Every structure is written in structure tokens, then in C-alpha cells.
Amino acid sequence: MKHLIIGGVAGGATAAARIRRADEQAEIVLIEKGKYISYANCGLPYYLGGVIEERESLFVQTPATFSRRFAIDVRVEQEVVKIDTAAHSVTVRRSDGSTYTETYDRLLLSPGSTPVRPPLPGIDTEGIFTLRNVEDTDRIKHYMDTHSVKRAVVVGGGFIGLEMAENLHRAGAHVDIVEMADQVMAPVDFSTASHVHRELLTQGVGLYLGTGVTGFKVRDGRIEVSTNKDQTLTADLVLLSIGVRPSTQLAADAGIALGTRGIKVDDYLQTSAPDVYAVGDAIEFNHPLTGEPWLNYLAGPANRQARIVADNMVGGNHTPYEGAIGTAIAKVFGLTVASTGLAAKRLEQLGMDYQTSITTSAAHAGYYPNSFQLTTLLTFDPATGRLYGAQCVGSEGADKRIDQLALIIKHGGTVADLTRLEHAYAPPFSSAKDAIAIAGYAASNIVSGAMPVVSWRELRDMDRSAITLIDTRTEDEFAIGTIPGAINIPVDDLRQRIGEVPHDKPIVVFCAVGLRGYLAQRILLGRGFKDVRNLSGGYKTYDLATAPVDPPCGEELRREEERVLSPTVEKVEWGSAAASPSGEAQGGLSASPVLLDACGLQCPGPILKLKKAMDQLKPGEVLRVKATDAAFPTDARAWCNTTGNIFEGHESDGGYHVVTVRKGAGCEAPSASCGSPLEKNKTLIMFSDDLDKALATFVLANGAAATGHKVSIFFTFWGLNVLKKEQKPQVRKDIFGRMFSWMLPSSSRKLSLSKMSMMGVGDRMMRHIMTRKNIYSLEEMRQQAIDNGVEFIACQMSMDMMGIQREELLDNVTIGGVASYMERAEKANVNLFI
Ligand SMILES: Cc1cc2nc3c(=O)[nH]c(=O)nc-3n(C[C@H](O)[C@H](O)[C@H](O)COP(=O)(O)OP(=O)(O)OC[C@H]3O[C@@H](n4cnc5c(N)ncnc54)[C@H](O)[C@@H]3O)c2cc1C
């Protein structure tokens, strides 16, 4: 029997080796158009970043070793250009252009997929790459070795794009990621992706979400990447990673049936043509959960299909392929993100009834050192509890949890099955109640009706005046940050303060991750309250998922530029000084920083430890705190800003965050360093949306900014209309949000004068006179303010109330609450309400 295989990497090489093991007498010919076979394409980004040091490590086999071990006729740098299914032959083109015909008894297609390269202006500029194979890798490596790559733009935030972003960062470049969707990693839900957003931002990566690249230009020896948001990013190297297409042309030309996008195969991986089989990225197969055809660009399924198809090619069609539900994992700096099965957004598209549950637990026992948090999102049938999908994100343990979940989902398991899972436990590895069991308990409570929940998205869109929102965390946690509109009743005080909870409105309770919220919910339900829901995933999920994703600026940008300019700068090694494992501050009082270990603690643990240690220091002394809570750098910065201490920066690596804080003089004894009234900052509250008042605001702001003072404008209530974009994306709104949209000006161009508006005549007259007299328009003044560094803060509470979405406002706007305003007002000597 003569077996001919097209494609010599994941699917092709695996099938060839298996055929040989099954049939020692078979003739096997493997044809590969590239120079290499059987290499690790999944390792290519890590070789470019220097994690894999030896290029040779990428090759599992060379054509010579493979040929010798398996007695296979390996022909590299030869491309199959035509298949004649009737004649059982193919036409092969050699690298010198000559062609020949080769026959087969059985043919396997494993041609993989090709990266998408959109026909954008300037796409062929030198320095723009895609990454698919060793040849691409060699080209990128050579370019990086011969050019100074200080800035890189990665177009596309998928798995490969993110791996490349990390590795380019590791190679010393500042990286910007441009992604058309509103999140990275399309297969996971937004709340899971928001962990990745935070990790990327923490590492100094610029993240441009909801943004499309429109073209490339070379200016002063660098590549300018322009976007549909009128931004221009500068790069020395651009990596396009916007997806792949299955390589189906050869099959289509031969009359082999295609499905919706890939080569159609039956249960035995045979195509429509006799004796022709296909595997890997190029095929489509029905999804085991939906029954819909889909493509799965992953190495695991390609290898498994190859093994099955080899058996069928040798022994006849006896082994069916059961399909893959799509189980994938990626490392993004210190974070691991993994997913399996169907995400909530996919279920939404399919119109399937589903429920989600988000839980956060320690990946291993919290009392054992260096415990990281692991967040698990489950999707399931709300009636039966049948699992549809799962996502895990954290710095530890996501890999083993997702594999367990994939197994259960693939076998039709339910959320209750998660609670029955037996897992190995010792403190360094997990907890007696494992993260998966906890996810199962929470989801089972939802299915049984014991714990009605609300998702972060539902809560975000809720009319806050129609509910009572209770933050059940401690007063300390509440003080650091909460959800706008929440009242604070710690769960331990709830029974004593039950009289404060109104009976006439639905209640939503929340805590940090969901457990205390659930306890509070049971107390309230047990005491006669009827409609009480717990926020799934708690404040942590809500806060992360609703946080604005802004590219690095200010301190972050400065640190990132420093890192890129001096890549050899020595990091202070945490382990080099005495850190107390007990968490007590240790170290000298003057030159060397005091070190504090807050690893394994969840918010607000690290902040409370930081506060306690700072209380013991003298002004000017420095504290370095190491924590595993990913929100710690942001929280520590906010804490410093409100307490008069100085946030000196942070380093994040491998899931650990080391924050450096200098003791300030304290706000009781104001000094310039703690942002005291000695500063001459200005704040303005823009409450109105009258055209004349808006003009006056920007005149004042620009004037103050021109004198070198930091100016912040807090836009609240009607003032938000001044910030509305003219071209707004489509956003989802509830009925009240839509009513507000109809009644309010749609952009700054529709603002009216506070006097003499006369049904719009006065407004147009005012704009006309301003043009004639060469006075800048409102929009020009507003842009000048942005260019002058004036900070625009949009009031979160007003946005929630009026149903205004982030996407409707100018890109340069920061979303903040009253605390953001108060923090700035305390440092200002002029505060105006307009
Ligand atoms: C950078 C990168 C990182 C990845 N990381 C992961 C990961 O971490 N995890 C994961 O599961 N998956 C990962 N993947 C995806 C995984 O590599 C693919 O899903 C898998 O290789 C698909 O196997 P395949 O045999 O279908 O295609 P390939 O392995 O791509 O092999 C196809 C081969 O066919 C050859 N060929 C095509 N047409 C012809 C022709 N007409 N004649 C001769 N030869 C031809 C091509 O040159 C190619 O070498 C990654 C892919 C890349 C590019």
C-alpha cells in the first residue's frame, strides 16, 4: 500500500510515523513545501523572545532522522500543486520549478492554514511580518538581530499575538497591541479577558482595543501604523496576527467538497473523494456540543486526528473521530488563561439558554507560601446544570483545572459532577476544597435556586435607583473602592443593621469574590426579603471588567520608556534582602528599603499590611511590598494618592508584584510631596451642557494649563454631553438609556446657549460669529485642552444613571467617581463649579 502525505508538520508527520508503526511494509511518501518537517510551531514565539535559546530545540526531527527512523521517503521544498482524485495521483513542483507526477493508494491532506495578510496600504513595507513557520521565524529573528527594535506593534490580540507581544517585550521592545474587538483572546468572555488586559497594562504594554489598523507608512526610518481612530503608532517591527485561513485551495481545485470554510470530512476523517483523508487546521468537523461545523486551529486535535486517520488509512475506516470542544491555554506574562467548550458570548450567538458563574479561589492552600488566586468562569444550562464551557485565569493552576473541566464537559457532565471530582490534595498543590469544587458548589447553588445571581454586566446596566446595592465587605475594603451607588453593611454587622435595608426594592449584594455576598444573601432571604441577588464574581470581577483600558501614560509610560532605553538596568532582586515570610516589615531605616511579603493575601490584605508597615516608618523611608494579588499595584497607587505617600513604581514578573512606596510627610502635615494645598493645581466641575458655559470652561482650563498647572475637569450630569463623540459606535442600552439618548444632545455640536438660544437660531449665530472672528470653536478648544494635558474625568455615577457608555465619549476621557475628583481637589488651590 502506498500512502502519500501532503504537509510534514503536526498532522502530516504524526500520521506518517503512526502508519509506519501500523504497517512495516507500507510505502510512505511525505511531501512538504517548506525546508523543515516535524518542528514545534508552538515554540516559535519563545525562540524569538530568547526563552528557547537554541534554534535546534525547535526541531523534533530533521528530514534525515525522520526518514531513517521510520523508513519514510521525505521530500522537502516540494509542493503538491494538483490532485487528480480519479487517477489517484498528484502533481509535485520542485523548488527549481520542474514538476513530476506521483501516485498514491491513500492520500492524506494536512496542509494547515495560512495567516491573513489584509491588503492595507503599505502592507509590504519592510519590517511587517506574519508568523507561521520556521522560515518566518528566521526572517523575524534576522530582522531583530540587524535592526534596533525599540518599539513593536502587534496587530491582533489572539493567542499567538499575545505570545508574541510578551516575547517582543522580553526582547527589549515596547509593545503596542491593536485589536479590533473590545477584548483580547476572542474565545474567552470579556470578564476573563479583562484579567489579561490588566496584566498587559501592568507590564507597560499599550492596548488599543476596538481599534482597526488602516495602513502603514515609513517615516524617518520607522513604520507608522495608522488606525481608524486617527492615532498613529510608531514601530520598528510590526507583527500581524489577525487570524488564519484553512489551506483549502488544493482540495477545492481537485473537486473535494468543502464545508462552510474548511475541508469537509466524515466521522473517519475521510473527504468526499475516495481514498483521500484530511486532518488538522484545514478541516472542519461538527462541534460535539453544538453539532455545528467548526474549525479548531490547535496542535492537540491535529495530532490526535493524525493518529486516528493513520489507523483508518491502514486498516479501513474503523476508528471514528469524536471531535474537539476547543481546549486552549496561553501564558501572558505572569498569567495563564485557559478555556474549553462554549463561552457565554458564543451561547448568546447560538440563542441557547445559559447561565454563568464566576468564582475566585486560592490555587493552593492560602496558608502555604505564594498562593495565587484562580478565577473560574463556568457556562451551563440553568435548568439541568449541564456544563457548556469553562475558563480559568490566574498565575497558578489554571492548566490542571481546565483539563479536568474539559474532560467533564466533553463527557456531558454537569456542575454537580464538579463537586464529586476527586482530586489530589496537599497544601503546596491545592486546597481541601479545590477551586473546581468551589466553582461546582457555586454553580449548583445557582441551579438549585439557593443563590440567585446577577452578572457584572447586568449590574452595570441596571437602574441603580431601582435597587438597593449592598457592599458586604469590611469598612476598610469599602474605603479603597466600591461600586457606585453601594451602601456598606459588612456581612458580620448585617443582622444588627437589618433595619437599614429597605423592603420595597430588589436587593443586590456583593463582596470581594462572592462568598460573603452569598452569606449576606442567605441572611436576607432567611429574614423575609424576597428579591435578593448576589453579584457573581463579586467586586473584583465588576471592577476589572468595567475598568477603562487606556494605553500607558504618565508614570507607567515613563517607566516603560526607561525600560526600553536601558534594557540592562539592574532590577533590585527581591530575594537579596531579608523579607520576612511572616509578613512583618524587615530592613534598615535609612538607605535600604524595608521589605514586606504580602504574597498569598487577597485584597485588602496587602493594602492593610502596607498601611501597618508604613505607620512604623519615618518620612523619606522606602518600603517594598511583594504581593500576588494582581490588583495590588493599582490599589497601592490609589492608596498613596489619598494618604500622602509616594508611589515610586512597581515591577511585575511571573505573577508577583513588587511595589515600592516612599513614606510621605502625611496629609496631616502637608508638604509638596504629598500633593498638598501647596500645589497650584486647578479643578473644574462641568455640571452644565450649555454651549457658553462649556466655552468658558475650556478657556479657563487652557489658560490654567498654559501657566504650567495641572488641570482636571470633572464632567458630571449634563456636563457629560460636552464629551460625546460625533461618530459613536453602536452600544447596547436599556429603555431608560435609550430615552436619555433621545432627549439629550447627541454630541457637543448640538449644545445650546444658556440664553438667547431661540430654538437653535442663537446657537448657530454664536458659532457663526466665532468663525468670523477667528475664535476657536468649542471642539477646537476642547482638543487644545487635551493637547495641553488637561485631564477629563467623566462621572461614573452620572454615566450609569443616564445610560451613557464609555464608547460614546471621547477616547481621552478617564472614568472616575467622586473619589477621583476629591483626590485632585485636595491637591488644587482653585476648584470651580460650572
Ligand atoms: C506561532 C504558532 C504558535 C502556536 N501555538 C500553539 C499552541 O501553543 N497550542 C496549540 O494547540 N496550537 C498552537 N499552534 C497551532 C498549531 O501549530 C496548529 O494547529 C497545527 O500545527 C496544525 O497542524 P497541521 O498539520 O494542520 O498544519 P501545520 O502544522 O501548519 O503543517 C502544515 C504543513 O503543510 C505544508 N503544506 C501546505 N500545503 C502544502 C502543499 N501543497 N504541498 C506540500 N506541503 C504543503 C505547510 O508548509 C506546512 O508545513 C500554533 C501555531 C503557530 C503558527
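Residues numbered from 1 in each chain as written. Predicted model: local features only at pLDDT ≥ 70, side-chain atom pairs only at ≥ 80, totals over all residues. Heavy atoms only, no water.

Q: Looking at this structure, how should I read the overall build of the chain?
A: Counting its regular elements, the chain contains 25 helices and 40 strands. Its C-alpha atoms give the chain a radius of gyration of 30 Å, within 12% of the compact-globule value 28 Å for 834 residues. By its C-alpha atoms, the chain is 90 × 70 × 60 Å across when sized along the principal axes. Evaluated residue by residue, the chain yields a buried proportion of 53% over its 834 residues. Within the chain, contacts between residues separated by at least 24 positions form 64% of all contacts whose residues are at least 6 apart in sequence. On the chain, roughly 36,700 Å² of surface is accessible, and the fraction owed to carbon and sulfur atoms is 53%. One finds the centroid of the 87 positive side-chain charges in the chain at a distance of 3 Å from the centroid of its 97 negative side-chain charges. (Helix = DSSP H or I, 4+ residues; strand = E, 2+ residues; numbered from the N terminus. Rg over C-alpha atoms; globule rule 2.2 N^0.38 Å. Buried < 20%, exposed > 50% of the residue type's maximum accessible area, 1.4 Å probe, protein only. Contact = heavy atoms within 4.5 Å. Areas by Shrake-Rupley, 256 points an atom, 1.4 Å probe, with all protein chains shown as cover. Lys, Arg positive; Asp, Glu negative; His and termini not counted. Charge placed at Lys NZ, Arg CZ, Asp CG, Glu CD.)

Q: So what exactly am I meant to see when it comes to helix α16 (residues 538–546) here?
A: For an α-helix, the turn length of 3.6 residues means that residues three or four places apart are oriented alike. For α16, the set of buried residues is G538, Y539, T541, Y542, L544 and A545. If you follow the buried residues of α16, they end up packed against α6 (190–202), β24 (355–362), α13 (456–460), β30 (507–510) and β31 (532–535).

Q: What is the right way to look at the site of the ligand in this model?
A: Close contacts around the ligand come from 27 residues, with G11, E32, S110, D281 and A299 the closest. Residue S110 places a side-chain N or O atom 2.8 Å away from an oxygen atom belonging to the ligand. With the chains in place, 89% of the 1,000 Å² that the ligand exposes on its own is no longer accessible. Put simply, the parts of the chain that give the shell around the ligand at least two residues each are α1 (10–22), β2 (27–32), β4 (78–84) and α8 (299–315). Here the shell around the ligand takes three residues from β4, the largest share from any one element. Of the residues belonging to the shell around the ligand, the class tally is 15 nonpolar, seven polar and five charged. (Near = heavy atom within 4 Å. Polar contact = N/O pair within 3.5 Å; in protein donor to acceptor, adjacent residues only side chain to side chain. Nonpolar A, V, L, I, M, F, W, Y, C, P; charged D, E, K, R; others polar.)

Q: Looking at this model, I keep getting lost on the nonpolar core. Mind explaining?
A: As a rule of thumb, nonpolar side chains are buried together in soluble globular proteins. Membership of the largest hydrophobic core comes to 48 residues, with the highest contact counts inside it found for F66, I83, L107 and L109. Setting aside residues no more than four positions away along its own chain, F66 makes contact with A13, A16, A17, L30, I37, Q61, A71, I72 and V74. Grouped together as the second largest cluster of nonpolar side chains are 44 residues, M144, I177, A330 and F333 included. (Core = buried A, V, L, I, M, F, W, Y, C linked by side-chain atoms within 4.5 Å.)

Q: Mind showing me how you'd approach the pattern of salt bridges here?
A: Taken as a whole and assessed by the stated rule, the structure comprises 36 salt bridges. Overlapping salt bridges, with partners in common, bring together K2, D73, R75 and E102 in one network. (Salt bridge = Lys/Arg side-chain N within 4 Å of Asp/Glu carboxyl O.)

Q: Please clarify how the sheet that holds strand β6 (residues 99–103) should be interpreted in this entry.
A: Backbone-to-backbone hydrogen bonds pair the strands of a sheet. The strands run either parallel or antiparallel. The three strands are arranged β4-β5-β6 in an open sheet whose pairing can be described as antiparallel. Of all the strands in the sheet, just β4 and β6 have a single pairing partner and so form its edges. Across the sheet, the axes of successive neighbouring strands diverge by a mean angle of 30°, strand direction being ignored. Sheet analysis places β4 next to strand β5 (residues 89–94), joined by six bridges and oriented antiparallel. Paired with K82 across the bridge in β5 is T91. (Pairing = 2+ DSSP bridges. Axes fitted to C-alpha atoms, helices over the stretch in contact; angles between N-to-C directions.)

Q: Mind showing me how you'd approach helix α18 (residues 605–615) here?
A: Those residues of α18 that fall on the buried side of the exposure criterion are G605, P606, I607, L610, A613 and M614. Contacts from the buried residues of α18 go to α14 (475–480), β32 (594–598), β33 (622–627), α19 (632–643) and β35 (656–662).

Q: I tried to follow the packing of aromatic side chains on my own but got confused; where do I start?
A: Considering all chains together, one arrives at 15 aromatic pairs under this definition. Considering the side-chain rings of F717 and W718, the 6.5 Å spacing of their centres and the 65° angle between planes classify their relative orientation as edge-to-face. Site record: aromatic cluster; members linked through ring pairs are F687, F717, W718 and F833. Between the NZ or CZ atom of R473 and the centre of the ring of Y539, over which it lies, the distance is 4.3 Å. (Phe/Tyr/Trp six-rings, centres within 6.5 Å; stacked < 30°, edge-to-face > 60°. Lys NZ or Arg CZ within 6 Å of the ring centre and 35° of its normal.)

Q: Where do I start with the confidence of the model for the chain in this structure?
A: The predicted coordinates should not be examined in detail at positions where pLDDT is low. Averaged over the chain, the pLDDT score is 90; the fraction of residues at 70 or greater is 94%. In the predicted structure, residues 568–572 sits below a pLDDT of 50 and forms four contacts with residues beyond four places in sequence or in another chain. The low-confidence segment residues 575–590, where pLDDT is below 50, has 26 contacts with residues more than four positions distant or belonging to other chains. (pLDDT = per-residue confidence, 0-100.)

Q: Help me out: how do you make sense of the sheet that holds strand β27 (residues 453–454) in this one?
A: Ordered in space as β27-β31-β30-β28-β29, the five strands form an open sheet in which the pairing is parallel. The two strands at the open ends of the sheet, each matched to only one other strand, are β27 and β29 (487–488). In the sheet, strand β28 (residues 468–471) pairs with β29 via two bridges, with the strands oriented parallel. For D471, the partnering residue across the bridge sits in β29 and is N488.

Q: What's the story with empty space enclosed by the protein in this structure? I'm lost.
A: If you roll a probe as big as a water molecule over the atoms, it shows you where there is empty space left. Applying the stated criterion across every chain yields a total of two cavities of 30 Å³ or more. When its volume is computed, the largest cavity comes out at roughly 80 Å³. As for the largest cavity, its lining consists of G280, I283, E284, F285, N286, W294, L295, N296, Q305, Y321, G323 and A324. For the lining of the largest cavity, the element with the most residues is strand β20 (residues 283–286), which contributes four residues. Looking at the lining of the largest cavity residue by residue, the classes come out as six nonpolar, five polar and one charged. Looking at the second largest cavity, its volume works out to about 30 Å³. Lining the second largest cavity, in full, are S371, F372, Q373, K540, G600, L601, Q602, T628 and D629. Residue composition of the lining of the second largest cavity, by class: two nonpolar, five polar and two charged. (1 Å grid on protein atoms, 1.4 Å probe; cavity = no way out; pocket = protein on both sides within 12 Å on 5 of 7 lines; lining within 4 Å. Points joined across faces, edges and corners; volume = space filled by probe spheres on them.)

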